Amino acid sequence: MKQSNSELQQRAEQLRRQLQEASHAYYVLDHPIMEDAVYDRLYRELEQLETEHPELISPDSPTQRVGEKPADRFQSVQHNIPLYSLENAFDTRELEAWDARWRRHLGEEPENLAYICELKIDGSAIALTYENGVLVRGATRGDGVTGEEITQNVKTIRSIPLKLKLDDPPPVVEVRGEAFLSLDVFENINRERQEAENPPFANPRNAAAGTLRQLDSRIVADRQLDFFAYTLHLDSAELTSQWDCLERLREMGFKVNPNRKCCQSLQEVEDYFDDWETRRRDLPYMTDGVVVKLNSLELHERLGFTQKAPRWAIALKYPAEEVPTRIVSVTVQVGRTGALTPVAELEPVQLAGTTVKRATLHNKDRITELDLHIGDTAIVRKAGEIIPEVVQILPDLRPPDAEPFQMPTHCPACGETVAQPPGEAVTRCINSSCPAILRGSLEHWCDRKALDIDGVGEKLVGQLVERELVRSVADLYELSVEELVKLERMGEKSARNIVDAIASSKKQPWHRVLYGLGIRHVGSVNAELLAETFPSCDRLAAADPDAIESVSGIGPEIAASVFGWFRRDANIKLCDRLKDAGLQLSGVPQKSKPSESQNRPLAGQTFVITGSLPNLKRDEAKAKIQNAGGKVTGSVSSKTNYLVVGDDPGSKLDKAEKLGIPTLSEAELLEMIGG
Ligand code: IVH
């Protein structure tokens, strides 16, 4: 029976409403109400309906979160209400000075005074405009008056509602808040950038700001930005306080930071600040202080703004995470691309809750800039969770006999002369048989995101290179059990497992092989993008730089690097050998999203994880199981199908044994999933 247009329209609306509810429960409330499989089915139904009847697509449809085409550039937008910054206070004296200032400006004692304390999230401020309840515009702060229109990117943030949860929405609502990256995601992005030899983001704030300004919203969607709302502008007399605004934002479907507090005195504000100075370390995102706002909106109105900040609020900042320590020596590491990275070996210091013994010095230029001498006292900084770095030298504390540090002229791993390509800050070993480069390339090849070869880690790679059993990644596929058992502490069984793991890596798809090749600037995301357009090694090898650059997300530098790589004979030979060995040098990447994968080998099975797994973090193992259609629960019961066991398993193992539930190692689990 054919459905009428109004029935179809109704069905689309119904699906949208259900999907919105489920998505809000998942991303905002952190309390899922719908099975993934159900969500996927409803989503697909809506998608199909909209494909067949494009007139049914509405801007608030969950299918509209990721745009198809990258933008050429961003449009400028004027903020109707300027997006001010905040004044800073670094200690209680400055906080009290602020309090005295606004009181003086007001000229009378306020009634019912209260301060709202909020955590100051280290992200990037954005402004959202909703018309009749539907998100129509997202903009960056810019200079506070003019920002950039980033609506398509903002729509990829799952915790931002595309439609407000209001029955009778006012014509215009302005919401402001902080777009940010959780520390987990931030670390992943930086790991990826380092793999692709891009400089890491210094902190989550820069990473969030950089991500928001990506022209391709598909890349933004991958980056998993999150959002906390903190300002609400709406013409309504019922809203009289900041506290009410936060509550209302929550009701409208936004994520509002739960750690807010209404304080009656400055003493209470200071206690809140002190309390969070330690507790903030347990948060999954970065905060750099506390924002104190007067609660009364009437006071906001009366106090107004200075040139650049509201008089009714102040940011109380935590001291930066920097400490001085002495540089004992400088060592130089050689990476898989031959880049020499100088690393300062430090007198151990406590920094941001961990002991720091080493800090990166980046490259030769940085050392010259710092005028670094061995024995110098340096300021070391840890931004977010990334590797600590030396930010400054204190020359006044330099011992009289201190020698300046010189970058070596020869590679510390192979002894060959190093090169300093003109215009580049990096010093490189260009000896293609340098053992350090080979070791790095092999480790990269076996990495989880590349060919994912279990059991071939740093130690084994070291031995394989030292004994000259392997001179290129292609040699891995010729290793025999007989050769491996001759290595230190290698039994027959482990040797066989390793040979098997290497053999099963032949099944890995082409984009992973491409990533594994370790071409400069080609991280795992770029490798997938390239493989989508060039579904075989031959096609990519034949492409000219323009064709490579035409892939969205791929810039001229990456294109030149890929093009150059395929112009070298040795590299072409390597590809031929890999193809002969049976690796996949063609094929279009399959998205790993559960909604699209046909392959759900663990569907209907329930897993429990205990102990620490050799390679995967708990969350990663959980995600893999869920992506393969399985379910993960916290405790063993008769409904459990398998217990995944790592080191130091707890009582769950005893219980599983009692119930006769089979156990799996990480490797066995991965095998079930199929890689
Ligand atoms: S209120 C008109 N509240 O801190 C005042 N800002 O250093 C608007 N920030 O530009 C800001 N968390 O990017 C406010 N709970 C919070 C905040 C917050 C982080 C950021 C925001 C602002 C910057 C000022």
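Our subject in this report is the structure included herewith. (Residues numbered from 1 in each chain as written. Predicted model: local features only at pLDDT ≥ 70, side-chain atom pairs only at ≥ 80, totals over all residues. Heavy atoms only, no water.)

## Details of the pairing of strand β5 (residues 134–140)
In terms of burial, β5 is a largely internal element, six of the seven residues being buried. As paired strands, strand β4 (residues 124–131) and β5 are joined by six bridges and run antiparallel to one another. Looking at the pairing, alanine 127 lines up with alanine 139 of β5. (Buried < 20%, exposed > 50% of the residue type's maximum accessible area, 1.4 Å probe, protein only. Helix = DSSP H or I, 4+ residues; strand = E, 2+ residues; numbered from the N terminus. Pairing = 2+ DSSP bridges.)

## Description of the sheet that holds strand β8 (residues 226–233)
The four strands lie next to each other as β5-β4-β7-β8, forming an open sheet whose pairing is antiparallel. Both edges of this open sheet fall to β5 and β8, since each of them pairs with a single strand only. The sheet shows a mean angle of 30 degrees between the axes of neighbouring strands, direction not considered. Two elements, β4 and strand β7 (residues 172–180), share eight bridges in a ladder whose sense is antiparallel. The residue of β7 that forms the bridge with alanine 125 is glutamate 178. Where helix α6 (residues 204–212) meets the sheet, its contacts fall on β4 and β7, and the angle it forms with β4 comes to roughly 40 degrees. Contacting β7 and β8, helix α8 (residues 242–251) crosses the sheet at an angle of about 130 degrees to β8. (Axes fitted to C-alpha atoms, helices over the stretch in contact; angles between N-to-C directions. Contact = heavy atoms within 4.5 Å.)

## Some words on the pairing of β4
Most of β4 sits out of view: seven of its eight residues are buried. Here β4 folds back onto β5, and the loop between the two strands holds two residues, one of which, asparagine 132, carries a positive phi near 45 degrees.

## With respect to the packing of helix α3 (residues 92–106) against helix α9 (residues 266–279)
When two helices pack together, their arrangement is given by the angle between their axes and by how far apart the axes lie. Where α3 contacts α9, the two axes come as close as 11 Å, and the packing angle between them is 140 degrees. Handedness of the α3/α9 crossing: right-handed. Here Thr92, Leu95, Glu96 and Asp99 of α3 come into contact with α9, specifically with Leu266, Val269 and Glu270. For the contact of α3 with α9, the class distribution of residues is three nonpolar, one polar and three charged. (Left-handed = near helix turned anticlockwise from the far one by under 90°. Nonpolar A, V, L, I, M, F, W, Y, C, P; charged D, E, K, R; others polar.)

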